[in-house]
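# A closer look at the structure
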Amino acid sequence: MRPHGDAEAAPHDPSRMHPDIAGNWALWSGIVNQSAITRLEQLKSRFPELTSAVLGTADGLHIASIGLDPQSGEHLAAMNGSLFGVARAEAEIISGGTEPTLSAIVSLSVEDSQMALLSFILAPYGQLLLSVSAAESQLGAVIVHARSTAYELLTALGVTGTGV
């Protein structure tokens, strides 16, 4: 989207939050939160092993979470942003400097718990991160449920997404 009267402006990068959204984040995060909570609750109903799910921006802003108190949801969103940044930097090194796909999944296993963190682009909100944690479940099942929920978010908000 170009500002009016600026024919030379570069096109907006869909992996970055649109400046108008960022400027009114308190309003827009609430709108996305309502749709996200609905999808996260649906995830919980079809995946009873789920212990938590957190949706946030790639720079660590919390949008929605279930299975956690609000402060823990905010902390995990911030940590997910950092974890994704480190994973992406490592992927760039491993790939020999070529741009890695943004759909890469970061996973963590602790005893009988699994966590999958995936990224997707939700224009105009930019790069979003969804982490899904479950107990006594296979990592593959956690990944499948996380991807399904990300797709549902893209569909529910009626925008084109990439990278899921």
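Cut-offs and rules
Residues numbered from 1 in each chain as written. Predicted model: local features only at pLDDT ≥ 70, side-chain atom pairs only at ≥ 80, totals over all residues. Heavy atoms only, no water. pLDDT = per-residue confidence, 0-100. Contact = heavy atoms within 4.5 Å. 1 Å grid on protein atoms, 1.4 Å probe; cavity = no way out; pocket = protein on both sides within 12 Å on 5 of 7 lines; lining within 4 Å. Points joined across faces, edges and corners; volume = space filled by probe spheres on them. Helix = DSSP H or I, 4+ residues; strand = E, 2+ residues; numbered from the N terminus. Nonpolar A, V, L, I, M, F, W, Y, C, P; charged D, E, K, R; others polar. Buried < 20%, exposed > 50% of the residue type's maximum accessible area, 1.4 Å probe, protein only. Pairing = 2+ DSSP bridges. Expected span 1.5 Å × (residues − 1). Axes fitted to C-alpha atoms, helices over the stretch in contact; angles between N-to-C directions. Left-handed = near helix turned anticlockwise from the far one by under 90°.

### Concerning the confidence of the model for the protein
When pLDDT is averaged along the protein, the result is 83; 84% of the residues meet or exceed 70. Low confidence marks residues 1-9, where pLDDT is under 50. Its contacts with residues over four positions away, or in another chain, come to five contacts.

### Description of the layout of surface pockets
To locate leftover empty space, one rolls a probe as large as a water molecule over the atoms. The space that makes up the largest pocket amounts to roughly 280 Å³. Lining the largest pocket, in full, are Ser15, Arg16, Met17, Thr57, Ala58, Asp59, Phe84, Arg88, Tyr125, Gly126 and Gln127. Among the secondary structure elements, those contributing two or more residues to the lining of the largest pocket are α3 (70-94) and β5 (126-135). When the residues that make up the lining of the largest pocket are grouped by side-chain class, the tally is four nonpolar, four polar and three charged.

### A short note on the pairing of strand β2 (residues 62-66)
Taken residue by residue, a regular strand's side chains alternate between the two faces of the sheet. Within β2, four of the five residues are buried, which leaves the element mostly enclosed by the surrounding structure. In this sheet, β2 lies alongside strand β1 (residues 50-57) in antiparallel orientation, the contact comprising four bridges. The residue bridging Leu55 from the neighbouring strand is Ala64, located in β2.

### Regarding helix α2 (residues 25-46)
If you check α2, its first and last C-alpha atoms are 31 Å apart, about what 22 residues at 1.5 Å a residue would give, namely 32 Å. Within α2, the full set of buried residues consists of Trp25, Ser29, Val32, Asn33, Ser35, Ala36, Arg39, Leu40 and Leu43. Against the buried residues of α2 lie α1 (19-23), β1, β2, β5 and α4 (139-156).

### Considering the packing of α2 against α4
Helix-helix packing is described using two parameters, namely the angle between the two axes and the distance between the axes. Contact geometry for α2 and α4: axes closest at 10 Å, N-to-C directions at 145 degrees. Handedness of the α2/α4 crossing: right-handed. Facing Ser35, Ala36, Arg39, Leu40, Gln42, Leu43 and Arg46 of α2, the residues of α4 in contact are His145, Ser148, Thr149, Glu152, Leu153 and Ala156. Class assignment of the residues belonging to the contact of α2 with α4 gives a composition of five nonpolar, five polar and three charged.

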